[in-house]
Amino acid sequence: MDKAWAKNTMDRILTKLEKTMPEIGASFPHACVDDKYDNMHASCWTNGFWPGTLWLAYQYSKNEAFANTAKEIEEKLDEVIDGFYKLDHDVGFIWQLSAGPNYKFFKNEESKLRMLKVASVLASRFNLKGNFIQAWNHQLGWAIVDCTMNLPILCWASSETENPRYRYFAEAFAKTVANHFVREDGSVNHILSFDPDTGELIESIGGQGNAPDSAWSRGASWALYGLPLMYRHSGDKEFLTAAKKVAHFFIANLPEDFVAHWDFRVPRNEDTPRDTSATACAACGLLEIAKYVPEAEKEIYETAAKRMLVSLTDNYSNLDNNKQCILTHGTSHCPENQNVNVGLIYADYFYVEGISRLLGNEDIFWYAQDRTNI
Ligand code: GLY
């Protein structure tokens, strides 16, 4: 597999997005159950992934139509910032991928302001006693591994304002992820409950995984990708070491076609749901890890990532049909039987990012400062 394959795949993605963008428009797609994406409420945690996908398409093609629709979505999201009460830890996912590229490409001051506002909200959720960021608004002591991917917006805020305090919160939470969410064998807890007053760790909660001690594959992918990003933003090798541990567990537990089941610790047969979103996110994380390891180790991570992206393309994509989602077989919440084996907008986003990475894109939207050599 070479750059020509990646270029051809990106061109096929672009052709698909040229068709689906006018259909989906400036809406909030999350799941594509039959042929069409749904349209969520404005505060849904997934609302950055469609504009993020359009920004990746713009970055590759320079077609202004993609940027214009992404900008329209960004403006529609202002009601959530203005309304305040529905903001939670997922502000990173939402604004890093919507306002972030608009600021990156166009230096749009309003986009910068949106990001600074939500980064301040995220920083305010840090619990000093327990060194965690509170995930949702009603469980004061709950932190979730997904939040590892929300940390780059704090690192961005630090590099933008030259004030390190945002990054210190991100680093402290990443240490909690490395030390408590990531288990000895490289599998990952989804939810950890802490006493919000004393900061004492109470228990692991199953959340979107099968059980408190199971291995939800998307949770693993959030750590697998979030931790090397935190290594990039901090230069702290502990994050890279933890990311590699998760990566080895993830790769070792993949089935023959290299596309993860929804939980690595459930009995598997041909009906066990897959999760292409975990797979695509993990592929991006593996390519990120490969940037920081010695030459001799790179191949482990790059080869696995490429096999995952090729399998997603060959066995789980809708590149040549009329369905709106790019990938099939994403699983959102299996224990609650919500959106199982369907198209998911974040699966699409990470898949397009993965292909863009294979083309050598060094300007990924999660990047702020590179502190690996500081
Ligand atoms: N952040 C929620 C999920 O991964 O489904």
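To be clear, the structure that these remarks concern was listed above.
Computed from a prediction, not measured in an experiment: that's the story for all the values here. (Residues numbered from 1 in each chain as written. Predicted model: local features only at pLDDT ≥ 70, side-chain atom pairs only at ≥ 80, totals over all residues. Heavy atoms only, no water.)

A.B. asks: Go over the overall build of the protein with me, naming the residues and quoting the values.
C.D. replies: When helices and strands are tallied, the protein shows 13 helices and seven strands. The globule rule puts the C-alpha radius of gyration for 374 residues at 21 Å, and the 19 Å found for the protein is close to it. Overall, the protein is about 55 × 50 × 45 Å in size when its C-alpha atoms are taken along their principal axes. The proportion of buried residues among the 374 residues of the protein is 62%. With an accessible surface of roughly 14300 Å², the protein has 48% of that area assigned to carbon and sulfur atoms. Looking at charge distribution, the protein has the averaged site of its 36 positive side-chain charges lying 4 Å from that of its 50 negative ones. (Helix = DSSP H or I, 4+ residues; strand = E, 2+ residues; numbered from the N terminus. Rg over C-alpha atoms; globule rule 2.2 N^0.38 Å. Buried < 20%, exposed > 50% of the residue type's maximum accessible area, 1.4 Å probe, protein only. Areas by Shrake-Rupley, 256 points an atom, 1.4 Å probe, with all protein chains shown as cover. Lys, Arg positive; Asp, Glu negative; His and termini not counted. Charge placed at Lys NZ, Arg CZ, Asp CG, Glu CD.)

A.B. asks: Go over helix H12 (residues 295-315), please, and point to the residues and values.
C.D. replies: In this model H12 runs 30 Å from its N-terminal to its C-terminal C-alpha over 21 residues, within 8% of the 30 Å that 1.5 Å per residue would give. Taken together, the buried positions of H12 are Lys298, Tyr301, Ala304, Ala305, Met308, Leu309, Ser311, Leu312 and Thr313. Among the structural elements, helix H1 (3-24), helix H10 (237-252), helix H11 (276-290) and helix H13 (345-358) are those in contact with the buried residues of H12. (Expected span 1.5 Å × (residues − 1). Contact = heavy atoms within 4.5 Å.)

A.B. asks: Account for the site of the ligand, naming residues and giving values.
C.D. replies: The immediate surroundings of the ligand are formed by Trp45, Asp146, Gln208, Trp216, Arg218 and Trp222. Note that an oxygen atom of the ligand is positioned 2.6 Å from one of the side-chain N or O atoms of Arg218. Protein burial of the ligand: of its 200 Å² of free accessible surface, 93% is covered by the chains. Partitioned by chemical class, the residues of the shell around the ligand number three nonpolar, one polar and two charged. (Near = heavy atom within 4 Å. Polar contact = N/O pair within 3.5 Å; in protein donor to acceptor, adjacent residues only side chain to side chain. Nonpolar A, V, L, I, M, F, W, Y, C, P; charged D, E, K, R; others polar.)

A.B. asks: Can you tell me about the packing of helix H8 (residues 165-181) against H10, naming the residues and giving the values?
C.D. replies: Look at H8 against H10: their axes get within 10 Å of each other, and the N-to-C directions meet at 35°. In the crossing of H8 with H10, the sense of the turn from one axis to the other is left-handed. Residues Glu171, Ala174, Lys175, Ala178 and Asn179 of H8 form the contact with H10, whose participating residues are Glu238, Phe239 and Ala242. Taken together, the residues of the contact of H8 with H10 sort by class into four nonpolar, one polar and three charged. (Axes fitted to C-alpha atoms, helices over the stretch in contact; angles between N-to-C directions. Left-handed = near helix turned anticlockwise from the far one by under 90°.)

A.B. asks: Let's hear about unusual backbone geometry: which residues, and what values?
C.D. replies: Peptide bonds are, in most cases, trans, and in most cases residues other than glycine have a negative phi. Phi is positive for Phe84, which is not a glycine, with a value near 65°. Counting through the fold element by element, Phe84 comes out in the loop between helix H4 (78-83) and helix H5 (91-106).

A.B. asks: I'd like a rundown of the environment of Phe28, residues and numbers included.
C.D. replies: With respect to the element layout, Phe28 can be found in the loop between H1 and strand S1 (31-32). Setting aside residues up to four positions removed in sequence, Phe28 forms contacts with Asp38, Asn39, Met40, His41, Ala42, Asn47, Ile73, Lys76 and Leu77.

A.B. asks: So, helix H3 (residues 64-76): which residues are in play, and what are the values?
C.D. replies: The terminal C-alpha atoms of H3, which comprises 13 residues, lie 19 Å apart, in line with the 18 Å expected from a rise of 1.5 Å per residue. Of the residues making up H3, those classed as buried are Phe66, Ala67, Thr69, Ala70, Ile73 and Glu74. Buried residues in H3, looked at end-on, bunch into an arc of 165°, giving them a common side. Buried residues in H3 make contact with H1, helix H2 (49-61), H4, H5 and helix H6 (109-123). (Arc of directions from axis to C-beta.)

A.B. asks: Describe in detail the sheet that holds strand S5 (residues 191-194), supporting the description with residues and values.
C.D. replies: The three strands are arranged S4-S5-S6 in an open sheet whose pairing can be described as antiparallel. On the outer flanks of this sheet lie strand S4 (142-144) and strand S6 (201-205), each paired with one strand and no other. In this sheet, neighbouring strand axes are inclined to one another by 25° on average, regardless of whether the strands run parallel or antiparallel. (Pairing = 2+ DSSP bridges.)

A.B. asks: Could you give an account of the packing of aromatic side chains, naming the residues involved and the relevant values?
C.D. replies: For the structure shown, the criterion picks out 31 aromatic pairs. Between Phe93 and Trp222, the ring centres sit 4.9 Å apart and the planes meet at 55°, which makes this aromatic pair tilted. You can see Phe93 sitting in helix H5 and its partner Trp222 sitting in helix H9 (residues 217-234), a full 129 residues away along the chain. Trp222 carries the same exposure label as Phe93, and that label is buried. (Phe/Tyr/Trp six-rings, centres within 6.5 Å; stacked < 30°, edge-to-face > 60°.)

A.B. asks: Describe the environment of Phe181, and please don't skip the residues or the numbers.
C.D. replies: Mapped onto the elements, Phe181 comes out in helix H8. For Phe181, a relative accessible area of 0% gives the class buried. Measuring from C-alpha to C-alpha, the distance between Phe181 and Ala123 comes to 20 Å, with 58 residues separating the pair along the chain. With residues up to four places along the chain from it excluded, the contact list for Phe181 reads Ala143, Ile144, Val145, Phe173, Thr176, Ser187, Val188, Asn189, His190, Ile191 and Leu192.

A.B. asks: Can you tell me about the pairing of S5, naming the residues and giving the values?
C.D. replies: Within a regular strand, side chains alternate between the sheet's two faces. Of the two faces of S5, the one carrying Ile191 and Ser193 and the one carrying Leu192 and Phe194 are both buried. Pairing geometry for S4 and S5, over three bridges, is antiparallel. The residue bridging Trp142 from the neighbouring strand is Ser193, located in S5. Of the strand pairs in this sheet, S5 and S6 are connected by four bridges, and their pairing is antiparallel. What sits directly across from Leu192, in S6, is Ser204. Between the antiparallel neighbours S5 and S6 lie six residues, among them Gly199 with a positive phi of about 80°.

A.B. asks: So, the nonpolar core: which residues are in play, and what are the values?
C.D. replies: Ranked by internal contacts, the top residues of the largest apolar core, which has 133 residues, are Trp95, Phe250, Phe350, Tyr351 and Trp366. Looking at which element gives the most residues to this core, the answer is H11, with ten residues. Leaving out residues up to four positions away in the same chain, Phe350 has contacts with Phe49, Met149, Trp222, Tyr225, Ala280, Cys281, Cys284 and Trp366. (Core = buried A, V, L, I, M, F, W, Y, C linked by side-chain atoms within 4.5 Å.)

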